[in-house]
Each structure stands twice: as structure tokens, then as C-alpha cells.
Amino acid sequence: MNYVGIDVSQDHLDFALLDSKGEHVESAQVGNEDRAIIKLVRSWEKKHGLDREQSLFCLEPTGYCSYLPLCVLMELKARVWLAHPTDIKQSLGMTRGKNDKVDAQRIAKYAWRFRNKARLYTTDQLRMNKLKQLLMKRRQLIEAKRKLTVQLSTLTLKLHKDLRSSFNRMDKAQARVIDGAITQLEGMIQTEVQADERTRRQYELITTVPGVGPVLATTLLAATDSFTRYVTPRQLSCYAGIAPFEHSSGSSVRGRTRTSPQANGGLKSLLHMGAMVAVRSDGELRAYYTRKVAEGKPKLCVLNAVRGKILHRICAVLRRDAPYVRVISAPV
């Protein structure tokens, strides 16, 4: 059994091959294209006896750049591990120097050391990658729209008065184009969700939870690979950065419990907006929020608890495979 580390960049891929004992065998650099990857794998099969269905290929997620090697390796029926960059970095300890060839060897060494913990990439995850790319493009367009909004509302006022009206027309025209692209993307996202029966059913269930709209629902589906990666409320809370952790050492307590910055910031922001909607539209959560604030709890802490309750409800409807039913309080 061999271990292959792949360092991914936009133009090329660096491969490092280790034997079953973790010893370096060979390194190679190829273009980030399907033919080059297939040619290298087949050459190592002949030269080193590489068995792609038994060996472990390890690489880091790098957005668009890692999508093509993932597709090629899955088509070759290779065993692929998409490892978290932070895990690889922390496993190395103190290091000096950095280049793509060395990084590929370090990734391969990580795969060899932690082979028993490998989480193999699946075809379902590859399919969800398309949804992730659609959501990524939507976030880029939303950010571009936000910058134009700032330009229209404040920055244009600082320009020369003869240029203001012209610049305003240009910015508004760009904003209309972006709005059209966002609408088109949202349609493509819904098409992708509806294409798979399991994903469609999960989407329908979680959108019955107050505070969970289309954007939050699709983001959760993409981030969790249709709830195969994070399946419990605690796991989801940790991933989204809303789970509080104690900070103490010995007999000293270093401040209040607080959330960790190591989280999916985009998902955390969407959950925050969902919590704000929920405390206005859901009677149970509104009563909870009002009661806790009246007791002196900070509003942000209470909203964070509401985010956790939303995740608990999401996990509950998926576990029961039944829509969320709102609790209607009886009149006093």
C-alpha cells in the first residue's frame, strides 16, 4: 500500500509517493489537468506497482483548484482523503521553509501517520461540490453588490460634483446586472437541490424550522455534505462556532465561556440572521429571548443560544424525518 500526497495550486500539482513504511519513493510535478494526472498515476503503477484502489491519495481542499484532481481520482476509483489544512499543519509541529514539493511530502507523511483516521471522499461529496461552487459564486456576487451599495450611499458623495451622476448611473447599472446574476444563480441552486431525492427531502424538512430560509438551508446541506459529516447538534454547533467553551487553568478562570474563532464564519453569520428572524416570528423562541434578556443576559449571548436551538430543531426534524410543528401557546 502506498501513500500519495498532493499539493494543489492553480496551474500545477505536486505529487509525493511514499511506500508502506512511510519512506519517500518519488516526487513529480504535473499540470492541473486530467490527462497529466492520469498519465502520472499510470506511470507510477508500472514503475512502482502503485495500486490506486488500495493506496491512499491525500490532498487539501483549495476551492476550485482541487475540484479537477478530485474528479479524476474518483473516476480512477482511487481512495481519496480530503484532509483539513489545519489538521495537517498542527500535525507537523515546528517546521522551517516551505515549497510545493516539500508540502506534498508533508501531506503524504500525514496520510501515512494518520491512515487509521482517514475519511474517504465519496461520490456524494463530489456531487455536493457543485452546490458548494454555486454558493461560493453567490457569496462573491453578494459581496460585489455590497461594495456597490457602499459606493452609491457614501463614497460617490466625495467625488467631484461633475462626476457624481455619471458614476451613479454606472454603479446602478452594475447593481442591476449583479441582481440578475444572483437570481439566476439561486435558480441553479434550487435545480441542484431538487436533482437528488435525499437532498430535496432534507431541504424540505429543515426549511420548516423557523429562521431557516433557502440560503441557510442550502449552505447547511453543502457544508455538511447532506448531513453526513456533522450529524449531531453539538458537532454542528462546534463547526458553526456557536458552541461555548470554558477557558480556565488550574484554579484560575480566564474569563467567561466563549465560542471559538475556529469555525465556518459564513455559516455562523447566516445562523445569526436566522436567529434574529426566529425571535420575531416564532412565539416560543420570542418568549425565550424576552425572558432571558429580562433576566439580565446579554442579547448576543441569548441570540447565540437561539442559534443553538435552531440547530437542535434541524437535527430533530432530520432524525424523525418529519416537518417541524410549531408550538401554539394556549391563550391565558
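Since this is a predicted model, take the numbers as computed values, not measurements.

Asker: Quick one: what's the story with the pattern of salt bridges, residue by residue and with numbers?
Answerer: All chains considered together, the criterion is met by 15 salt bridges. Across the salt bridge formed by R200 and E204, the nearest N and O atoms sit 2.6 Å from each other. Taken as a pair, R200 and E204 lie in helix α7 (residues 197-206) at a separation of four residues, close to a single helical turn. Between E295 and K292 there is a salt bridge whose closest N-O contact spans 3.7 Å.

Asker: Describe the environment of Y239, naming the residues involved and giving the relevant values.
Answerer: Looking at where Y239 falls in the secondary structure, it is placed in helix α9 (residues 233-240). Between the alpha carbons of Y239 and L267 there is a distance of 8.8 Å; along the sequence they are 28 residues apart. Among all residues touching Y239, those that are not within four sequence positions of it are A223, Y230, A263, N264 and L267.

Asker: Could you give an account of the nonpolar core, naming the residues involved and the relevant values?
Answerer: One finds L131, I206, V212, L220, I310 and I314 to be the most contacted residues of the largest nonpolar core, which totals 45 residues. Elements with a minimum of two residues in this core: α5 (123-153), α6 (161-194), α7, α8 (214-223), α9, α10 (265-281), α11 (283-294) and α12 (299-320). The dominant element in this core, judged by the number of residues it contributes, is α12, at eight residues. Excluding anything up to four places from it in sequence, I310 contacts V209, P210, V212, L271, G274, A275 and A278. Core analysis: the second largest hydrophobic core is formed by 26 residues, V4, L40, V41 and L76 among them.

Asker: Quick one: what's the story with the packing of aromatic side chains, residue by residue and with numbers?
Answerer: On inspection of all chains with the given rule, the structure shows four aromatic pairs. Ring centres 6.2 Å apart and planes at 80° place the aromatic pair F15 and W44 in the edge-to-face group. Taken as a pair, F15 in strand β2 (residues 12-18) and W44 in helix α1 (residues 34-48) lie far apart in primary sequence, 29 residues in all. Both residues of the pair, F15 and W44, count as buried. Aromatic ring contacts, followed pair by pair, group W81, Y110 and F114 into a single cluster. Of note, K109 hangs over the ring of W112, and the distance from its end group to the ring centre comes to 5.0 Å. Between K309 and the ring centre of Y288, over which it is positioned, the NZ or CZ distance is 4.5 Å.

Asker: Residue-level account of the pairing of strand β4 (residues 56-59), with values.
Answerer: Of the two faces of β4, both are covered, the one formed by L56 and C58 as well as the one formed by F57 and L59. Here strand β1 (residues 3-8) runs beside β4; their pairing, made up of four bridges, is parallel. Bridge pairing in β4 places G5 opposite C58. Relative to strand β5 (residues 79-82), β4 runs parallel, the two sharing four bridges. Following the sheet pairing, C58 is matched in β5 by W81. The parallel pair β4 and β5, bridged by helix α2 (residues 64-75), forms a crossover whose chirality is right-handed.

About the thresholds
- Throughout, a residue's number is its position along its own chain's written sequence, starting from 1.
- Reporting of local features is limited, given that this is a predicted model, to residues whose pLDDT is at least 70; pairs of side-chain atoms are given and counted only at 80 or more, and all residues count toward the totals for whole chains, interfaces and linings.
- Each side-chain value is derived from all of the structure's non-hydrogen atoms; neither hydrogens nor water enter the calculation.
- A side-chain nitrogen of Lys or Arg and a carboxyl oxygen of Asp or Glu constitute a salt bridge if their distance falls within 4 Å.
- Helix and strand assignments follow DSSP, with helices taken as H or I runs no shorter than four residues and strands as E runs no shorter than two, numbered in order from the N terminus.
- Between two residues, a contact is recorded if the distance between any of their heavy atoms is within 4.5 Å.
- What we call a nonpolar core is a set of buried Ala, Val, Leu, Ile, Met, Phe, Trp, Tyr and Cys residues that are connected through their side-chain atoms within 4.5 Å.
- Burial classification: accessible surface area is computed with a 1.4 Å probe over protein chains only, and a residue below 20% of its type maximum counts as buried, one above 50% as exposed, and the rest as partly exposed.
- Planes of paired rings set the category: under 30 degrees apart is stacked, over 60 is edge-to-face and the rest tilted, where pairs are Phe, Tyr or Trp rings (Trp by its six-membered ring) whose centres lie within 6.5 Å.
- Whether a charge lies above a ring is judged from NZ of Lys or CZ of Arg, which has to be within 6 Å of the ring centre and within 35 degrees of the ring normal.
- Note on pairing: DSSP must find at least two bridges between two strands before they are called paired.
- Handedness of a crossover: with both strands directed away from the viewer, a clockwise path from the first strand across the helix to the second marks it as right-handed.

Just geometry here; none of it tells us what the structure is for.
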